[in-house]
Amino acid sequence: MQVNQQLEIESARMRLIAQRLDSWPKLAWVAHLTPETDTVMVHHGPGVEFGDGWVAEAVWAGDFASGDFDRTDLVFGTGVRCRGDRVVFVSSGTVLDRLCCAKQAGSYYVSNSLPALLAVTGMSLCDDYSHYEQDLSTICGGLGSYNRVLPAEHGEIRLVYFDNLVFDGQGVTETPKPDTTPQFNSYSVYRGYLTETTKRLAANMNDPLRRQQVTPLATVSSGYDAAVAGVIAQEAGSRRAVTIRKATSIWRGSDSGEEIARHLGLDCKTCDRTARRFPHEESIWSHVSRPGIINWTLFDYPETLCLLFTGCHGDKVWERNAKRLADPFSIPSLGQVGVGEFRLIQGFFQCAVPYWGIRHLEQIQSLADAPEMAPWTLDNEYDRPVPRRIVEEAGVPREAFGQRKKNTSHEAGFLWPYSVDS
């Protein structure tokens, strides 16, 4: 592998060496460390940022220069943080991305990309093992039930979602993220939390110390969740939006969010979900073995990097009378996880607004039945008072969104690559 740049970043006892590889996906990284040593080697793509004691591909609700992404649960992307004689490998504040970890010849390897981890370690998946798709699908049950270990030739690979990994000089252990969420005892507290988080993310994203420009982008649709993402993205400074026109069911009509974008003052580009050529399609299949939201590869992402605001998981968080979940991280569709490798190539961070404060899910859900939410309650099967109030108070008319539930994913029975090249 060709090394384009090498930097040494010292932090107390631990010495972090960052090697940039311009031929790698923009945001991919692999860290290598060995017990009883004081060095962490991180190979990374050209879009990864670095500072005093840290390397990260992320936007977080905090000061950029301080690199305190390990001290918040509002982090979108991943990174490595050295503190004294400890190293914290930080995962995203959603379950839409993951960390991979392997031990080989006494050394530990941690990465935000399974293909990158395999490439650096020389490991490979087992040709005679037929349960990888099932292993990856177990995240649908939440953090408490997924299979954390994938078998591989000459070892095994550990998967970590949401939680962080900590190296203490002897080994690597999984540890919960800090909980920075207030008590949501009213809509105003929750809305204030969303507003304050948006401001902090925008400040981090626009910090002049960043070497790579990050541009916000909104996803919008005719439903509730992406409409909220559009409002929040606009408040974070976004001037652009993307949407998908056709739903999976013809009788449900278009799922385009163009009208919502117009009311929010966003320039909207519409994509067609029925395309048959998708950029980097193989990266979608490599992540979860299914197409899922492969249509996201069609979006016009701003360069160099992009903070993509989405409404993923909104149905479980904001639906009135939604089923109470034993684990708030039980995701509705594995397909939402599917762009994990693609985003590293394209260069964007998945910022799913419903995950903000997700560990206080019951409090968020209870807001839908509060008396103060009556003016935004429709009393039908598709009723989400909290997002309705957010979007209507942003100036979008009631009839412009949230009238009928639609779907634009590719989770139907067509389960093999679409293009000849893939």
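Scroll up to find the structure.
From a predicted model like this one, the values you see are computed outputs, not experimental measurements.

Either a parallel or an antiparallel arrangement is found when strands of a sheet pair, and the pairing is made through backbone hydrogen bonds. Taken together, 5 strands build an open sheet; the order of strands is β17-β16-β15-β18-β19 and the sheet is parallel. Among the strands making up the open sheet, the edge pair consists of β17 (267–271) and β19 (348–352). Taking each pair of neighbouring strands and ignoring which way they run, the sheet shows an average axis angle of 30°. Strand direction decides the pairing type here: strand β18 (residues 305–310) and β19, joined by 5 bridges, are parallel. Looking at β19, one finds that Cys306 is bridged to Phe348. Those strands touched by helix α4 (residues 225–235) are β15 (214–219) and β18, and its axis lies near 150° from that of β15.

In terms of burial, strand β10 (residues 107–111) is largely enclosed, as 5 of its 5 residues are buried. Of the two faces of β10, the one lined by Ser107, Tyr109 and Ser111 and the one lined by Tyr108 and Val110 are each fully buried. Relative to β10, strand β3 (residues 29–33) is paired through 4 bridges, and the arrangement is antiparallel. Opposite Ala31, over in β10, you have Val110 as the bridge partner. Here strand β9 (residues 99–104) hands over to β10 after 2 residues, with Ala105 in that stretch at a positive phi of 50°.

Right, let's get into helix α1 (residues 114–121). All of the buried residues along α1 are Leu114, Ala116, Leu117, Leu118 and Thr121. Packing partners of the buried residues in α1 comprise β3, β9, β10, β11 (149–152), β12 (155–160) and α8 (340–346). Measuring from the backbone nitrogen of Ala116 back to the side-chain oxygen at the start of α1 gives 3.1 Å, which picks out Ser113 as the cap. Looking one or two residues beyond α1, the residue adopting positive phi is Gly122, at roughly 80°.

Here we take up the side chain of Ser186. Within the secondary structure, Ser186 sits in the loop between β14 (172–175) and α3 (187–205). With sequence-adjacent residues up to four places away left out, Ser186 is seen in contact with Leu367 and Glu372.

Moving on, we come to the sheet that holds strand β7 (residues 75–83). If you walk across this open sheet you meet the 6 strands as β5-β6-β7-β8-β13-β14, and the pairing is antiparallel. Of all the strands in the sheet, the pair left with one neighbour each is β5 (49–51) and β14. Ignoring which end each strand starts from, the neighbouring axes of this sheet average 30° apart. As judged from the 5 bridges shared by β7 and strand β8 (residues 86–90), these two strands associate in the antiparallel manner. Residue pairing across strands places Val80 opposite Phe89, the latter belonging to β8. Contacts between α3 and the sheet are confined to β6 (54–60) and β7, with β6 contributing the most and set at about 135° to the helix.

Structurally, the position occupied by Trp60 is in strand β6. Setting aside chain neighbours within four positions, we find Trp60 in contact with Trp54, Gly67, Asp68, Phe69, Thr72, Leu74, Val75, Arg200, Leu201, Asn204 and Arg210. A distance of 3.4 Å separates the side chain of Trp60 from the backbone oxygen of Asp63, its partner in a polar contact.

Throughout the structure, instances matching the rule amount to 0 disulfides. Between Cys271, a cysteine without a disulfide, and Cys268, which holds the nearest cysteine sulfur, the sulfur-to-sulfur distance is 8.6 Å. Distance from the sulfur of Cys312, which forms no disulfide, to the nearest cysteine sulfur (Cys351) is 11 Å. Judged by its relative accessible area of 7%, Cys312 is buried.

Conventions used here
- Residues numbered from 1 in each chain as written.
- Predicted model: local features only at pLDDT ≥ 70, side-chain atom pairs only at ≥ 80, totals over all residues.
- Heavy atoms only, no water.
- Pairing = 2+ DSSP bridges.
- Helix = DSSP H or I, 4+ residues; strand = E, 2+ residues; numbered from the N terminus.
- Axes fitted to C-alpha atoms, helices over the stretch in contact; angles between N-to-C directions.
- Contact = heavy atoms within 4.5 Å.
- Buried < 20%, exposed > 50% of the residue type's maximum accessible area, 1.4 Å probe, protein only.
- Polar contact = N/O pair within 3.5 Å; in protein donor to acceptor, adjacent residues only side chain to side chain.
- Disulfide = S-S within 2.5 Å.

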